[in-house]
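A closer look at the structure
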Amino acid sequence: MSLGPILCVVGARPNFMKMAPILRALRAAGGQDGPQLLLVHTGQHYDRDMSDKLFDDLALPRPDINLEVGSGTHAVQTAEVMKRFEPVVDEQAPSCVVVVGDVNSTLACTLVAVKKGVPVVHVEAGLRSRDRRMPEEINRVLTDQVADRLYTTERSAADNLQAEGVPASRICFAGNVMIDSLQHHRARATPAAETLRAHGLDAACIAAGYGVVTLHRPSNVDQAETLGPLLDTLATVARDLPLVFALHPRTRGQIERFGLGHRIDPARMLMLPPQGYLEMLGLMAGASLVLTDSGGLQEETTALGVPCLTLRENTERPITVDQGTNTLVGRDRHAILAATAEVLAGRGKRGRVPENWDGHAAERIATDLLAWLRAGAPH
Ligand code: UD1
């Protein structure tokens, strides 16, 4: 009997680089007789910078279905995705739904599918920050509880899942699909000097090195009392190392709303719009240091061997600290400045690339997933 289509769900920026290699690998592994692949975009991210540009950079096919949910509170956004995804599942009768990561769209589509008896496959399962104030942590815990097949990026994830009662038979250690994308596109990355020149920066000004900054977590950017001091600390860092910010729309909005623009030193801190995938890859690869609160950047810097300071108290990606180049510094001014000084003195972490972050994770997923579906998607 032929299998129904596989619905591959993306919603927000960090989903796109995870799904691109999965689609490629499923297409290759399925061959002529493989199940149809349908790409569903929930529309959680919709700006050209946050969505379309990344589709182009990653050579992702146009979505077959776009739910166009847009922004909203967590409840509204999650509910809208659910309402709009349900008829898609009814109409398509999929053999399974593949979700990636930990965004609201991940959980919303998971809930719809499992309640209809459609198997759910979660890629990047089992990561835990143990911080339930993070919306992503709630999305991770709930998605993993009900998903049927769980692909992990690091071995600690299986321990987390089993501690929550998930049977080992559901878990497969596939590796990191984000690094598949990184390896696939690395040679095409836009050189940093080109990106900076395009934004009017004299490349000579960064010849001696620069740092890359991204910030978007609500815990860092949603309160003026937090964001203001963080910008002050970054301005101090920038005295020694010019900083290139790739500004998430949320962060740009908060800087404006709180009137914090004057805390940015325009001579040493270059504010850019959200960058494309190839631009960001080039900027990171050429950086002396990355300061971020993004999950993806913690992993990408580890794969690139670039020191990363994570401006959070915890990480759901401990392997980037244990084996990679990542250091957790929180928001503490002293810790951030001390860690920056270490890196600038040439004592930054060099790290090593973790197991199965080898550019072939999606192939392992595709092989396992198709075999699992053909076996009737057993629990
Ligand atoms: C979402 C994910 C987060 C991920 C991040 C990457 C959840 C809970 N959070 O957070 O895990 O790290 O994406 O970017 O799913 N906005 C725009 N244009 C867009 C999208 C958003 O202007 O295309 C603005 C809107 O003001 C919106 C705000 O950004 O209200 C937040 O967007 P939202 O999708 O709710 O969450 P992110 O902060 O992007």
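Residues numbered from 1 in each chain as written. Predicted model: local features only at pLDDT ≥ 70, side-chain atom pairs only at ≥ 80, totals over all residues. Heavy atoms only, no water.

1. Let's talk about the nonpolar core
Ile6, Met19, Leu26, Val98 and Leu369 are the most contacted members of the largest nonpolar core, which has 63 residues in total. Residue contacts for Val98: discarding those within four places in its chain leaves Ile6, Leu7, Cys8, Val9, Met19, Val121, Val123 and Leu369. (Core = buried A, V, L, I, M, F, W, Y, C linked by side-chain atoms within 4.5 Å. Buried < 20%, exposed > 50% of the residue type's maximum accessible area, 1.4 Å probe, protein only. Contact = heavy atoms within 4.5 Å.)

2. With respect to the site of the ligand
Lining the immediate environment of the ligand, one finds 20 residues, of which His45, Tyr46, Asn104, Glu136 and His216 sit closest. The separation between an oxygen atom of the ligand and a polar main-chain atom of Tyr46 is 2.8 Å. One of the side-chain N or O atoms of His216 is found 2.8 Å from an oxygen atom in the ligand. Compared with its free state, where it exposes 740 Å², the ligand has 85% of that area covered by protein. (Near = heavy atom within 4 Å. Polar contact = N/O pair within 3.5 Å; in protein donor to acceptor, adjacent residues only side chain to side chain. Areas by Shrake-Rupley, 256 points an atom, 1.4 Å probe, with all protein chains shown as cover.)

3. Overview of the sheet that holds strand E4 (residues 96–100)
Remark on secondary structure: sheet strands pair via backbone hydrogen bonds, oriented parallel or antiparallel. Taken in spatial order, the seven strands line up as E3-E2-E1-E4-E5-E6-E7 in an open sheet, and their pairing is parallel. Each having just a single partner strand, strand E3 (65–66) and strand E7 (171–173) make up the two edges of the open sheet. Pairing of strand E5 (residues 120–125) with strand E6 (residues 149–152) involves four bridges; the strand directions are parallel. Opposite Val123, over in E6, you have Tyr151 as the bridge partner. (Pairing = 2+ DSSP bridges. Helix = DSSP H or I, 4+ residues; strand = E, 2+ residues; numbered from the N terminus.)

4. Some thoughts on the pairing of E4
With respect to burial, E4 is a largely interior element, five of its five residues being buried. Judged by which residues are buried, E4 turns out to be covered on both faces: Cys96, Val98 and Val100 on one side and Val97 and Val99 on the other are all buried. Sheet analysis places strand E1 (residues 6–10) next to E4, joined by three bridges and oriented parallel. Each residue of the ladder has a partner; that of Ile6, found in E4, is Cys96. Across four bridges, the pairing between E4 and E5 is parallel. What sits directly across from Val97, in E5, is Val120. The parallel pair E4 and E5 is bridged by helix H4 (residues 104–115), and the resulting crossover is right-handed. (Right-handed = clockwise from strand over helix to strand, strands pointing away.)

5. A few points about the environment of Glu355
Along the polypeptide, Glu355 turns up in the loop between helix H15 (333–347) and helix H16 (361–374). On the accessibility criterion, Glu355 (40% relative accessible area) is partly exposed. When the C-alpha atoms of Glu355 and Thr153 are compared, they prove to be 8.8 Å apart, with 202 residues separating the residues in sequence. Contact partners of Glu355, with chain neighbours within four places excluded, come to Thr153, Arg155, Phe173 and Gln323. Looking at Glu355, its side chain comes within polar contact range of the side chain of Arg155, at 2.7 Å.

6. A closer look at the pairing of E6
Here E6 shows a buried face lined by Arg149 and Tyr151 and a second buried face lined by Leu150 and Thr152. Viewed along the sheet, the connection from E5 through helix H5 (residues 135–146) into E6 turns out right-handed. Here E6 runs beside E7; their pairing, made up of three bridges, is parallel. The partner of Tyr151 across the bridge, within E7, is Cys172. Running through helix H6 (residues 156–163), the crossover from E6 to the neighbouring parallel element E7 is right-handed.

7. Considering the pattern of salt bridges
Within this structure, the stated rule accounts for 26 salt bridges. Between Glu316 and Arg140 there is a salt bridge; the shortest N-O distance is 3.4 Å. Of this pair, Glu316 sits in the loop between strand E12 (308–310) and helix H14 (319–322) while Arg140 is found in helix H5, placing the two residues 176 residues apart along the sequence. Both residues of the pair, Glu316 and Arg140, belong to the buried class. Several salt bridges converge on common partners, so that one network encompasses Lys18, Asp102, Glu124, Glu137, Arg140, Glu299, Arg312, Glu316 and Arg317. (Salt bridge = Lys/Arg side-chain N within 4 Å of Asp/Glu carboxyl O.)

8. Looking at H15
Taken as a whole, H15 has its buried residues at Ile336, Ala339, Thr340 and Val343. Seen end-on, H15 carries its buried residues on one side only, within an arc spanning 105°. Along H15, exposed side chains directed more than 90 degrees from the buried face belong to His334, Gly346 and Arg347. Buried residues along H15 sit against helix H10 (224–240), strand E11 (289–292) and E12. (Arc of directions from axis to C-beta.)

9. Points about unusual backbone geometry
Its identity is not glycine, yet Glu124 carries a phi of approximately 85°, on the positive side. By the secondary structure assignment, Glu124 is in strand E5. The class of Glu124 is buried, set by a relative accessible area of 5%. The phi angle at Asn356 is positive, at roughly 65°, despite the residue not being glycine. Among the secondary structure elements, Asn356 is positioned in the loop between H15 and H16.

No statement about biological role is implied by the geometric values presented.
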